[in-house]
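Read off the chains here:
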Amino acid sequence: MRKKLWIGVVFIAITAGLVLAFSGKAWNKTLLSAAGLNLDLSAPDALIRSKALSRLPADLLRVPLLHDLLTEDFLFYYENSEGRLGLSGTLRRISYEHDVTLTDELIKQVMDEPADVALWRSSKGTLKYYAIAMTRNKLAKLLEPTAKIALKDKQLTMVGEVRVGSDTVQLFALEYAANRKMLLASHGDRVVLFSDPGMLLKTDGDFNATAEGLLSDLLGTDQKRQQRFAQAFDLEESASDHSIAIKAHYLSFSYQYFFPALKALRFDFSAKPVLGEQTWSTAVLLDADPARAPALLNASALWPALPYQPSACVAMPADWLALAKAMDSQAVVKIPAEQLATQFEGPAAVCWYTQSRLHSPLFVAQLSKEEGADAVLGAYFNYSIKSAAAEEDKRAVPVKAVTSKAGDVVWQGGAASHATQATLARSGKLVYFSPDAGLVEQGLAVAHKRQPALSDNWSGANAAANAVAVIGPGQLAQLAEQEVALSLPQQQDEVLRNAAERHLLPKLAAVKKYAPLRLEMRDTPKGAGWVALDWK
C-alpha cells in the first residue's frame, strides 16, 4: 500500500506539471547531457498557486472571452500529448513490475491537493521549465519507501542527496520518455518536482548557485521558507482557489528595464467571490516609493490625446532616466542623454490600431515643459532615425523640424514606404511617435479636437486617472486577422495559411462580439505592493 501511494504521488505531480507547462556531486552521469540551463531558480517568470490543479483549466473557461477563444482541446490536450502518454506507459510498467496498482480515486485525491507551480522561460521565450511544490497532508505518513522502488527500477533511480535541516534527503530521477527526465524529492509532508535536470545542475554535475538552498527551503519544515516561490512575487496566503502571477519582464519581452516600477500582473479566481467582486480578479504589483506612487500610472493627460477605437492601449510607468542610460549616444548628438530624460514626466502610453501594423504602434508621452524641448527631440530623432541617403552619404542634411499652422512641430525621417514613415511630433506638452506617419497625424488631430479621443465616452470622475489599459476585442481580432493575411501569403505558405483559416480565424470572429474593456486601478497607489484592478 505504501508503494502504491508513492507511485501515485509521482504520477500526479508529473501529470500536474504537464498540464500546466507550456508545451549534489554523486549525480547519475546520464543526467549531465541535459544540465546547465543556468536558470535563476529564486526568480521564476510565472507562478500558479492552486488549491486543486485539476480544476484550473475548467475555471479558466469561466471567463467568457476565454471560453470563446479556447476549445475543449484545451481541457484534454495533455491527456493525449507525447509526454503524457510516455509518462503513463512508464508508470504502468513500474506498477506491473513492482506489484502495485493505481486507482482513479487515488489520482483524484492527490490532484486535489494544494500546489505551487513555478515556471521559467526557455531560450525560445516559452514557459518550458517548471517546478512543483506541494504539501501532501493526509498522505504524508504513507509516502516513505521511495528508495526501495528506486533500487529495483531502471527508470526511477536515486541520483543525489541534499541536506534539509539535520536530514539527508535523496533526489530521484524519473525517465519517462526518450530524452525526458524529471527530478523529484520528498521530505516529511513535502514533495518537490523539477521538469528538467538542468534546472538544478551545472554542466559539471554540481548544484547551480541557487538550487541547493532552494531545495532545502522548499522541503524544510519552516513554512515561511516553503513559500520561496510566492515570496518572489510578494504573495501572501489568499482565500483564492487559483492565483496566476506573471512577471512584467516576461510579458514585456524583457523591456521592463524602461519601467522597473511595474513588477508583475496577477489573476485570482474565487469560486465564491465576495459580493460585488468578479469570479476572476486582477491586480498589478508596483515597486515605488510613496512620494512617486500616486503619479506612477496616472495617464489622465494621455488618454484624451489618443485616437478612439484602438486594438489595445497600455499606460506604462516609464523610468525616463533608465531610458537615458540606455542611449549611449552623447558623442553623436553632443547633448547629454539626461537632458532628454528630464524633458519628460509621468507615464507613457502605447497603442495599436487596425489601420496600421502590429510593428508600428503609436507612442505618446508628456513633457514637463515646452521650452528647449525641440532642440533635444530633434537631435535624438536624427540620431535614431536615419534615412537611406544618410546611410550612403555621411554628408546628408539632417531632418529639420516643420511647424504646422496649428503650431505642431513635426520631424519625419526615412523614405516613405506603403504610406508609413517614421514620425515624431510635439503638440504643446504632448509628444507623439510612430513608424507610421498616419497614426501621428491622427494623434495630432485628437489633440486639436478634430477627431474623437479614446476617453471621450468614459464615465466617472477618476476614470482617466485610474485607467491603465484598454482592449478592443473586435479591433484586436481584426488586427490579428490582418497580420495573419500579410504574414502567411496563400501562395507561399499554403499549409500554414489553411490551418490558420480553419482553426484561428473562427475563434477571432467569435471574439469580435465583445465590447471594449478598460482596466482601472481600484485605488490610487500609495507605495510598493499589489494594487487591485477592475475591468470596466
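The rules behind each value
For every chain, the first residue of the written sequence is number 1, and numbering continues from 1 along that sequence. pLDDT decides what is reported in this predicted model: residues at 70 or higher carry local features, side-chain atom pairs at 80 or more are listed and counted, and totals for whole chains, interfaces and linings draw on all residues regardless. Side-chain numbers here rest on the full set of heavy atoms in the structure, without hydrogens or water. What is meant by a nonpolar core is a set of buried Ala, Val, Leu, Ile, Met, Phe, Trp, Tyr and Cys residues, joined one to another through side-chain atoms within 4.5 Å. Relative accessibility decides the category of a residue: with a 1.4 Å probe and only protein chains considered, values under 20% of the type maximum give buried, values over 50% give exposed, and everything between is partly exposed. Working definition: helices are DSSP H or I runs of at least four residues, strands are E runs of at least two. Numbering for both runs from the N terminus. Multiplying 1.5 Å by the helix residue count minus one yields the expected span of that helix. To get the bend at a residue, fit one axis to the 7 residues ending there and another to the 7 starting there, then take the angle between the axes. The rule for pairing is simple: two strands pair if DSSP sees at least two bridges between them. In what follows, a contact means two residues having at least one pair of non-hydrogen atoms within 4.5 Å. Cysteine sulfur atoms are paired as a disulfide whenever they come within 2.5 Å of each other. Angular values range over 0 to 180 degrees, each being the angle between N-to-C directions of two axes fitted as lines to C-alpha atoms, with helices fitted over their stretch in contact. Here the word oblique covers every angle except those under 35 degrees (roughly parallel), over 145 (roughly antiparallel) and from 65 to 115 (roughly perpendicular). Think of it this way: a Phe, Tyr or Trp ring, Trp meaning its six-membered ring, pairs with another when their centres are within 6.5 Å, and the plane angle makes it stacked under 30 degrees, edge-to-face over 60, tilted otherwise.

A.B. asks: Before we move on, can you summarise the nonpolar core with the specific residues and values?
C.D. replies: Note that soluble globular proteins tend to have their nonpolar side chains buried in a common cluster. Of all hydrophobic cores here, the largest spans 34 residues; its most connected members are L41, W120, F194, M199, L200, L215 and F229. For this core, the element with the highest residue contribution is helix α8 (residues 211-219), accounting for five residues.

A.B. asks: Let's hear about helix α21 (residues 494-511): which residues, and what values?
C.D. replies: Between its first and last C-alpha, α21 extends 25 Å over 18 residues, near the 26 Å set by a 1.5 Å rise per residue. At E501, α21 shows its largest kink, close to 40 degrees. Listed in full, the buried residues belonging to α21 are R497, A500, L508 and V511.

A.B. asks: Please provide a residue-by-residue account of the pairing of strand β2 (residues 115-120), values included.
C.D. replies: Burial analysis of β2 places six of its six residues in the buried class, the great majority of the element. Neither face of β2 is exposed, since A115, V117 and L119 on one face and D116, A118 and W120 on the opposite face are all buried. With five bridges joining them, strand β1 (residues 46-50) and β2 adopt antiparallel strand pairing. Looking at β2, one finds that I48 is bridged to V117. In terms of strand pairing, β2 meets strand β3 (residues 129-135) through six bridges, oriented antiparallel. When the sheet's bridge partners are listed, V117 is paired in β3 with I132.

A.B. asks: Please give an account of the environment of Q475 that cites residues and values.
C.D. replies: Along the chain, Q475 turns up in helix α20 (residues 473-487). Non-local contacts of Q475, meaning those with residues more than four positions away in its chain, are made with Q309, P310, S311 and T354.

A.B. asks: Pulling in residues and values, what's your account of the state of the cysteines?
C.D. replies: Scanning all chains against the criterion turns up one disulfide. Put simply, C313 and C351 are joined by a disulfide, and their sulfur atoms are 1.9 Å apart. Taking the sign of the S-S torsion, 120 degrees for the link of C313 and C351, the bridge is right-handed. Taken as a pair, C313 in strand β11 (residues 312-316) and C351 in strand β12 (residues 344-352) lie far apart in primary sequence, 38 residues in all. Judged by its relative accessible area of 0%, C351 is buried.

A.B. asks: I'd love a proper account of the pairing of strand β17 (residues 430-434), names of residues and values included.
C.D. replies: Burial of β17 is extensive: four of the five residues sit out of reach of the surface. As paired strands, strand β16 (residues 420-427) and β17 are joined by five bridges and run antiparallel to one another. Within β17, the position partnered with L424 by the bridge is F433. The antiparallel pairing of β16 with β17 creates a hairpin that spans two residues between the two strands, and G428 there sits at a positive phi of about 65 degrees.

A.B. asks: Which residues make up unusual backbone geometry, and what values do they have?
C.D. replies: Positive phi is not limited to glycine here, since N38 has a value of about 60 degrees. Examined against the element boundaries, N38 turns out to sit in the loop between α1 (2-20) and β1. A relative accessible area of 66% means that N38 is categorised as exposed. The phi dihedral of D234 is positive, around 55 degrees, even though this residue is not glycine. Within the secondary structure, D234 sits in the loop between α10 (228-231) and β8 (242-247).

A.B. asks: Give me the lowdown on the packing of α20 against α21, citing residues and values where you can.
C.D. replies: Contact geometry of α20 with α21 gives a least axis separation of 9 Å together with a crossing angle of 170 degrees. As judged from the angle between their axes, α20 and α21 are roughly antiparallel. Each of P473, G474, A477, A480, E481, V484 and A485 in α20 lies in contact with α21, whose residues at this interface are R497, A500, L504, L505, L508, A509 and V511.

A.B. asks: Any chance you could break down the packing of aromatic side chains for me, citing the residues and the numbers?
C.D. replies: What the rule picks out here adds up to seven aromatic pairs. Relative to W280, the ring of F269 has its centre 5.2 Å away and its plane inclined at 50 degrees; by these criteria the two rings are tilted. Taken together, the positions of F269 in strand β9 (residues 262-269) and W280 in strand β10 (residues 280-286) put the pair eleven residues apart, joining distant regions of the chain. Take F269 and W280: they sit in the same class, and that class is buried. Seen from their ring centres, W320 and F344 are 4.6 Å apart, and the 20 degrees between their planes marks the pair as stacked. Of this pair, W320 sits in helix α13 (residues 320-326) while F344 sits in strand β12; the two residues are 24 residues apart in sequence, bridging distant segments of the chain. When its relative accessible area of 14% is taken as the criterion, W320 is described as buried. The buried category is assigned to F344, whose relative accessible area is 13%.

Honestly, it's all geometry; don't read function into it.
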